[in-house]
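Working through the structure, step by step
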Amino acid sequence: MRIFTAVIAIAAGILVLGGYFFPALADIQTLLLNWAIILAGMAALVGIFNLISVHTDKVRRREKGSTYSAILVIALVATFVFGLILRPDHSAMAILMSGIIIPVEAALMGLLTVSLIYAAIRLLRRRADVMSIVFLITAALLILGSATLPFGNIPLLGTLVRPWITQVLALGGARGILIGVALGTLTTGLRVLFGADRPYGGN
Amino acid sequence: MADTIKCPVCGRDNSADQEFCENCQSRLEPLTGPLKGADAPIKPGQAPTRKNTAELEPILPQWLRDARDSARKSAEDEAVSQIGKQSQESFSASNSDLLAGLQSHADSDDEETPDWLTSITGNSAASKKLDAESPEVRWVELGGASDFAQEEPPVESSSEKDEIADWFRDASGSLQSPGFEQPASSSHDSFIASSDTPDWLRQMAAEHETKDEVVSAKPFDAVPSSLFESSDTPDWLHQLGEDASKNSDSFFTDAEPSAGAESALPQSDAPDWLSSLGAGSQEQTPSADSADFTGPVSGEKEAAEIPSDEGLPDWMKGLQPTESEQSIQAETPAWLKDDAQPSTESADNFELPSWLSATSPTPEKPVQEEQPAQDDLPLGDIPGWLKAAAPQSSIYSDSPTEEAAPSSDADWLTSFKFPSEQTPEPQPQLPPVFSTDEPAEVPAFTGDAQSNYNMDSLFTDMPDWLSNAMEEPSSTSASAPAANSLDSLTPGELPSWVQAMRPLDAGSSQSVANDQTFESRGALAGFQGVLPLTTGFVPTSKPKVHSIRLQVSDEQRSQAAMLEQILAAETAPEPIASFSALPTSKGLRWLIAFVLIAVLGTLSFMRTQIFSLPVGVPFEVSGAMNAAQAIPEGAPVLVAFDYEPARVGEMEAAASPMFNLMQNPNLTFISTNETGAILAERFISGPLADTDQSGIQRLNLGYLPGGQMGIRAFAQDPEFTFPQLEGVTSLSQFAALIIITDSADSARAWIEQTSSSRGTIPVVVFSSAQSAPMIRPYYDSQQITGLVSGLYGSAVFEQNMSGGSGISRNYWDAYSVGMLLAMALILGGGLFNLALGLRDRAASREEK
Amino acid sequence: MTTLDLITAILSFLFTLLIFSYLIGDNPLFRIAVYIFVGVSSGYIAAIAWWQVIWPRLIQPLISAMLTGSLLEKGLIFVPLLGAVLILMKASPRLAGMSRGVMAFLVGVGAAVTIAGAVMGTLIPQVMGTINSFDLASASARNISLIEVIFNGAFVLAGTIFTLTYFHFGARAKVDGSTRRNGLIEISAWAGRIFIGITLGTVFAGVYAAALTALIERIMSLFNFLGNFL
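Reading guide: rules and limits
- Residues numbered from 1 in each chain as written.
- Chains lettered and ligands numbered in written order.
- Predicted model: local features only at pLDDT ≥ 70, side-chain atom pairs only at ≥ 80, totals over all residues.
- Heavy atoms only, no water.
- Helix = DSSP H or I, 4+ residues; strand = E, 2+ residues; numbered from the N terminus.
- Buried < 20%, exposed > 50% of the residue type's maximum accessible area, 1.4 Å probe, protein only.
- Contact = heavy atoms within 4.5 Å.
- Areas by Shrake-Rupley, 256 points an atom, 1.4 Å probe, with all protein chains shown as cover.
- 1 Å grid on protein atoms, 1.4 Å probe; cavity = no way out; pocket = protein on both sides within 12 Å on 5 of 7 lines; lining within 4 Å.
- Points joined across faces, edges and corners; volume = space filled by probe spheres on them.
- Nonpolar A, V, L, I, M, F, W, Y, C, P; charged D, E, K, R; others polar.
- Buried area = accessible area lost by both parts, 1.4 Å probe.
- Salt bridge = Lys/Arg side-chain N within 4 Å of Asp/Glu carboxyl O.
- Polar contact = N/O pair within 3.5 Å; in protein donor to acceptor, adjacent residues only side chain to side chain.
- Axes fitted to C-alpha atoms, helices over the stretch in contact; angles between N-to-C directions.
- Left-handed = near helix turned anticlockwise from the far one by under 90°.
- Expected span 1.5 Å × (residues − 1).
- Pairing = 2+ DSSP bridges.
- pLDDT = per-residue confidence, 0-100.
- Right-handed = clockwise from strand over helix to strand, strands pointing away.
- Phe/Tyr/Trp six-rings, centres within 6.5 Å; stacked < 30°, edge-to-face > 60°.
- Patch = residues over 30% accessible without salt bridge, like charges linked within 9 Å, V, L, I, M, F, W, Y side chains within 5 Å.
- Bend = angle between axes of the 7 residues up to and from the residue.
- Lys, Arg positive; Asp, Glu negative; His and termini not counted.

**A short note on the overall build of chain C**
Scanning chain C from N- to C-terminus turns up seven helices and two strands. Helices and strands appear in chain C in the N-to-C order α-α-α-α-α-α-β-β-α. Within chain C, the fraction of its 230 residues that count as buried is 46%. Considering only residue pairs separated by 6 or more positions, chain C has 31% of its internal contacts joining residues 24 or more positions apart. Carbon together with sulfur atoms contributes 71% to the accessible area of chain C, which is approximately 11000 Å² in total.

**Some words on the overall build of chain B**
Across its full length, chain B carries 42 helices and eight strands. Counted over contacts in chain B with a minimum sequence separation of 6, partners at least 24 positions apart contribute 80%. Roughly 31500 Å² of accessible area belongs to chain B as shown, and the carbon and sulfur atoms make up 52% of that amount.

**Some remarks on empty space enclosed by the protein**
The tally for this structure, following the rule as stated, stands at eight cavities of 30 Å³ or more. Counted as a void, the largest cavity has a volume near 160 Å³. As for the largest cavity, its lining consists of 16 residues, and the residues nearest its centre are A:S146, A:R162, B:A769, C:T202 and C:G206. Every element with two or more residues in the lining of the largest cavity is listed here: α5 (130-146) and α6 (157-193) of chain A, α40 (772-780) and α41 (790-801) of chain B together with α7 (183-229) of chain C. Taken together, the residues of the lining of the largest cavity sort by class into eight nonpolar, six polar and two charged.

**Notes on the interface of chain C and chain B**
Listed as interface residues are 49 residues of chain C and, on the opposing side, 51 residues of chain B. Summing both sides of the interface, chain C and chain B together bury roughly 4200 Å²; the carbon and sulfur share of this comes to 68%. When the buried surface of chain C facing chain B is broken down by residue, C:R142, C:T213 and C:M220 rank first, second and third, together holding 13% of it. At the boundary of chain C and chain B, one finds zero salt bridges. Inspection of the region where chain C meets chain B yields twelve residue pairs in polar contact (both at pLDDT 80 or more). For the side of chain C that touches chain B, the secondary structure elements donating two or more residues are α2 (28-68), α4 (100-131) and α7 of chain C. Broken down by element, the residue count for the side of chain C that touches chain B peaks at 19 residues, all from α7(C).

**Examining the packing of helix α38 (residues 708-716) of chain B against helix α39 (residues 744-753) of chain B**
Residue and element names in this part refer to chain B. Between α38 and α39, the shortest axis-to-axis distance is 9 Å and the interhelical angle comes to 35°. The chirality of how α38 crosses α39 is right-handed. Listed contacts from α39 to Q708, I711, R712, F714 and A715 of α38 are A749, W750, E752 and Q753. Broken down by class, the residue content of the contact of α38 with α39 amounts to five nonpolar, two polar and two charged.

**A few points about helix α1 (residues 2-21) of chain A**
The terminal C-alpha atoms of α1(A), which comprises 20 residues, lie 29 Å apart, in line with the 28 Å expected from a rise of 1.5 Å per residue. Among the residues of α1(A), those classed as buried are A:T5, A:A6, A:A9, A:A12, A:G13, A:V16, A:L17, A:G18, A:G19 and A:Y20.

**A word on the sheet that holds strand β3 (residues 636-642) of chain B**
All names here are of chain B. Read across the sheet, six strands follow the order β5-β4-β3-β6-β7-β8 without closing on themselves; strand pairing throughout is parallel. A single partner strand is all that each edge strand has here, and the edge strands are β5 (697-703) and β8 (786-789). Neighbour to neighbour, the strand axes of the sheet diverge by 15° on average, direction disregarded. Relative to strand β7 (residues 763-767), strand β6 (residues 736-741) runs parallel, the two sharing five bridges. If you follow I739 over to β7, its bridge partner there is V765. Sheet strands in contact with helix α36 (residues 648-661) are β3, β4 (666-671), β6, β7 and β8, and its direction is about 150° off that of β7.

**Quick word on the interface of chain A and chain C**
When the parts of a complex come together, some accessible area is lost, and that lost area is often used as the size of the interface. The interface is formed by 101 residues belonging to chain A together with 105 residues belonging to chain C. Counting the contacts that link chain A with chain C gives zero salt bridges. Linking chain A with chain C are ten residue pairs in polar contact (both at pLDDT 80 or more). Where the side of chain A that touches chain C is concerned, the elements lending two or more residues are α1, α2 (26-61), α3 (66-86), α4 (91-126), α5 and α6 of chain A.

**Points about the confidence of the model for chain B**
In this model, chain B carries an average pLDDT of 61, and 38% of its residues clear a pLDDT of 70 or more. Within the model, the stretch residues 469-489 of chain B combines pLDDT values under 50 with 88 contacts to residues more than four positions away or in other chains.

**With respect to the pairing of β8(B)**
All names here are of chain B. The two faces of β8 match: G786 and V788 on one face and L787 and S789 on the other face are all buried. Two elements, β7 and β8, share four bridges in a ladder whose sense is parallel. Following the sheet pairing, V765 is matched in β8 by L787. Regarding the hand of the β-α-β motif, the stretch spanning β7, α40 and β8 is right-handed.

**Let's talk about the packing of aromatic side chains**
This model, assessed by the stated rule, comprises 19 aromatic pairs over all chains. For the ring pair A:W164 and C:F151, a centre distance of 6.1 Å and an interplane angle of 20° mean the geometry is stacked. With A:W164 in helix α6 and C:F151 in helix α6 (residues 146-166), the pair connects residues from two separate chains. Residue classification places C:F151 among the partly exposed residues on the basis of a relative accessible area of 44%. With 4.6 Å between their ring centres and 35° between their planes, C:Y22 and C:F30 make a pair best called tilted. Classification of C:Y22 by relative accessible area gives partly exposed; the value is 38%.

**A few points about a nonpolar patch on the surface**
Residues and elements named next belong to chain C. Residues F134, L136, L146, I150, L157 and I161 make up a contiguous nonpolar surface patch of about 490 Å² in total accessible area. Sort the elements by how many residues they give to the nonpolar patch and α6 lands first, with four residues. Tracing the sequence through the fold places L157 in helix α6. Among the residues examined, L157 registers a relative accessible area of 31% and is labelled partly exposed.

**Quick word on the layout of surface pockets**
In this structure, the second largest pocket encloses a volume near 1100 Å³. Taken together, 37 residues line the second largest pocket, and the ones lying closest to its centre are A:S98, B:E652, B:R682, C:T8 and C:E217. Breaking the lining of the second largest pocket down by element, the ones donating at least two residues are α4 of chain A, α36, α37 (676-685) and α42 (807-847) of chain B together with α1 (3-20) and α7 of chain C. In terms of residue count, α7(C) provides more of the lining of the second largest pocket than any other element does, eight residues in total.

**Digging into unusual backbone geometry**
The general pattern is negative phi for most residues beyond glycine and trans for most peptide bonds. Here the phi dihedral of A:R87 falls at roughly 75°; this positive angle occurs in a residue that is not glycine. Locating A:R87 in the fold gives a position in the loop between α3 and α4. With a phi angle near 65°, B:Q782 is a residue other than glycine that sits in the positive phi range. With respect to the helices and strands, B:Q782 occurs in the loop between α40 and β8.

**What to know about α2(C)**
Residues and elements named next belong to chain C. Taking 1.5 Å of rise per residue, 41 residues should cover 60 Å, and α2 covers 56 Å from first to last C-alpha, within 8% of that figure. At W55, α2 is deflected by roughly 55°, the largest bend along its length, and proline P56 occurs up to four residues later in sequence. Two or three places before L29, at the opening of α2, N27 has a side-chain oxygen 3.1 Å from that residue's backbone nitrogen.

**Structural notes on the pairing of β7(B)**
Residues and elements named next belong to chain B. With five of five residues buried, β7 lies mostly within the body of the structure. Judged by which residues are buried, β7 turns out to be covered on both faces: V763, V765 and S767 on one side and V764 and F766 on the other are all buried. On the question of chirality, the crossover connecting β6 to the parallel β7 by way of α39 is right-handed.

**Digging into the packing of α3(A) against α4(A)**
All names here are of chain A. At a minimum axis separation of 9 Å, α3 and α4 run at an interaxial angle of 145°. Contacts between α3 and α4 involve T79, F82, G83 and L86 from the first element and A92, M93 and L96 from the second. Each residue belonging to the contact of α3 with α4 can be placed in one class, and the counts come to five nonpolar, two polar and no charged.

**Digging into the side chain of B:D642**
Residue and element names in this part refer to chain B. Take D642: it is sitting in strand β3. Comment: no salt bridge for buried D642; closest opposite-charge side chain is R748, at 12 Å. Separated by 2.6 Å, the side chain of D642 and the backbone nitrogen of T672 make a polar contact. Each residue touching D642, except ones within four places of it in the same chain, is listed here: S671, T672, N673, I740, T741, D742, S746 and W750.

**Digging into the pattern of salt bridges**
Evaluated as defined, the whole model comprises 14 salt bridges over all chains. The residue B:R809 makes a salt bridge to B:D813 at a minimum N-O spacing of 2.8 Å. In this pair, B:R809 and B:D813 both sit in helix α42, four residues apart, roughly one turn of the helix. The exposure class assigned to B:D813 is buried, which follows from its relative accessible area of 1%. A salt bridge links C:D26 to C:R31, with the shortest nitrogen-to-oxygen separation between them at 3.2 Å. Taking the relative accessible area as the measure of exposure, C:R31 reaches 37% and is therefore partly exposed.

This is the structure in structure tokens:
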């Protein structure tokens, strides 16, 4: 079984990777990618089913917070049933999106402002090293440079400092991070294709 | 202690913790080491195993014999050999019990080694050859050889002592005691020998006077001195000494007391010449007493006491104290016991016993036999003065007894078969073993030997093996040393130095040593434990010893140390740098929340537009504007909605100006986010519906699962079958790709996976402010055409395209105030907390 | 305002307040709102997955292939169907092992896509972009002076290298067992920390800007809702 799964992973990976460089493999690549899309969608369903089972068990066991779990399961099943029946683009389903999902997420995002300011204020009390100071100064300068005054941009900050930080200094760091992430991704992917890493449980 | 031990065999330095030499595999430390602490007393009955091992002397190693030969050949030993020759011929050949047996065996068979010497090797007789290379054994022999000439000054002997192993030096004073017993015992043995060899003894006596100087060089002179220097010297002895000095002035004028001692010995066994040795017999007392005591004061004092016995001849007066000192004997024959009382009385009253006058033509001999008889008496029968004298006289305990043998021809003494031919081996071979100890240290004789307890034990607790040794000539040689050592030790216990010499080889040697089979027939009849039962199992050669130490280089050691450190670091708990748990300040949270909501709510409620929109167009925003303006009217534009509902306000505000700028675009919406499709519908029905453009076509392709895989599949084969996308078969046929995302990963996925299929179409990214820093490098690398990030970018876009009348404008005042407020809170609060943090850290440092 | 719009506005207002109640502290109302949100979102995603993935990409082709498709089409459509069935086994702990092959397929395909995207979409272009930071022709097209190009390009290059160096964790073990990076790398990494700090500070400012925008949008929605009744 281990060899079988490894062969599947390596073979599929090589075929898909070959599709990037060899046009002859483009169709096979597309076929495999379409299969993968279907299976990814099915995996999303499996994840949701798992969420249902977990919270259902909590309700069945009457664990602490089972009331909230019951609410979650009811909301989930109801939405799913209505979604299956009405389809997601139905206006009723839009109500759920505009009335519940968007307000809750946006409000949670709004609460983040308080938390961010609170964390920034307390940061230097916990650690006052170079990186923290640089981090906080940069954030403060950019926040200040992003604002305007009634008569226009904040002199120097909004017109010179902010653009230079974001377009030069931050660009260099971000590029380094991106290249590092790409190298890490490349390494991890190659390990999977070589069978060194088997995150699918075939170790 | 040095870290290295030089191998006594090959001379190579070995580390101190090694047991065997790396080069020659010789044992570096004696096997007797562990026995040092094993002070378990050996009760009578255990020791016989020791005496029998002397029978295995024939297997004495070759090196030992060679050493002996070399010792003989040395120039320094020539004088000793002369002494030894005399000793062989006269008295010194017969040492005490310790040496007599060895000598006799050495004489009879050169390969034989006495038990005590074989024990030194650490193995029993069966394994003697295995330990032939033992350094201690070698030292014993060599030291002995060098000490043959005991007339050597103590400095030389101490120099040799440097080579003595600690274990041997630590063998306690009991080890020294035999050494110093030796002179006395040798003299005593000489009597025994003389009793059986009257011829040579007579000859020696004739030569005695001519060799006084040579004889005086013997160690006898120094040894007894320490004995009698003791304050415990009985009064009677001093008195006797004084008497002797009175009788013969020449007695103490002799500068060589030992010579007197030697001269006295032949006297006892040579009746014919004994008369001529009257002065010599007088000299015997001081010689036996002490060399130091040869000092004019003490010597004269004691000598002055001797002549006080008017009833005795001069020579007898001189002998009396000597005999009294030789009073202690392990066992005394009955006949001696019978004679003990008279002799004791004679010692007390200075009266010649009747038996002495009757039996001996020479008065000296009975007198000399008289004291042993006293010694052999039961303790209860011994007078008080004799009890007190016993410890001192024990040194020479054997001398009178054996001295009496030739004169009385008693049966028990005849059992001591020490034929002269059995003692040709020069005496000096063995005495050096003990004479290596400093002569000045004679604790055994001064302390233990003088204790009444020891004396009592000698009389009452005499081990059986010692008594057997007296009866069995073959075993005497083996038991004699132990008997002598016992003189100064706790009764019934084998001295520690003897224990230390016991063989440790628990294998074959022990089996042999424990073999106590009594031979009942044949040539070995009467011997016990001579032949091992398990001869066939005794290894005939020493098994090669392989060092268990790894031969590692310094580099390997360092690497091993490094590995140990790494392993230790892996297992060592690494302290987690945890920050001090700051208490959550709800007040600060509430304050921040209140200020923000109050200010923002006020501004939002008032809908002010006081703050101006940002001035200046960044390059990325201008690129987006240029791309939007470059899109032909009605051209298909692919729009990816990849943002979360949480940022719907920001993203709608950021992207709406772009759609106002395009001329009736043919929009195709797609999303890799599950909620993106419905957000697209919201955008269509919201900001897009608010635009002035009426000819916008839109198509929502919905959700594209699979993330990067879905994007790659979509970019590779769009499979558009929709009428509004007629003629569009690939991604590159779109007029532009607009990515509205709040995630840098999503933008990166679109950029990466469409890079090979989108061609040169412009890519404009509308991103959230949080993801813009990670997307900007793609703009700098010209992978995307424009980038509009957050409300700031949309405000700039809106400011420059539509004059600032969109969503961004509605938010901008609150946004600017919110940013300024955050800046003030962060700077103010941050500096305050920085000060607090510095204070806390300083306080914590002070606490530490 | 239609009924649906009213219901939407009420729900939006109500849930916004419930979430904002967290500013006071954690409370059951906040939790109820969050649990309802999670349930609705999950149900909605499940409906999306069904209607926009399973149905159009698996069920419809399967029905079509069974009805009119060729044998090859039937065979090709059965493969994802079998994979879908097997991946459903993952929901059961006892049958989860049967889905390993499907997961291996997904991982293999995903790895290949990631590798190609990282190399062709990020690695090479970003390296080239770093090099092109000193491109005078491109700079002149943007009306950027030579000094500015070199100055900014140097900072970009230094930031890129130093940041990459910061992620270089290779070190040679010393004799005493300690591991420490090369001195030059150590200095570069220290400078890289500065650039990373600047970048993260920029991200922080962006996150705050996004959150502030969301807060403003919510506050405005509240006033808008209230404004409808005032």
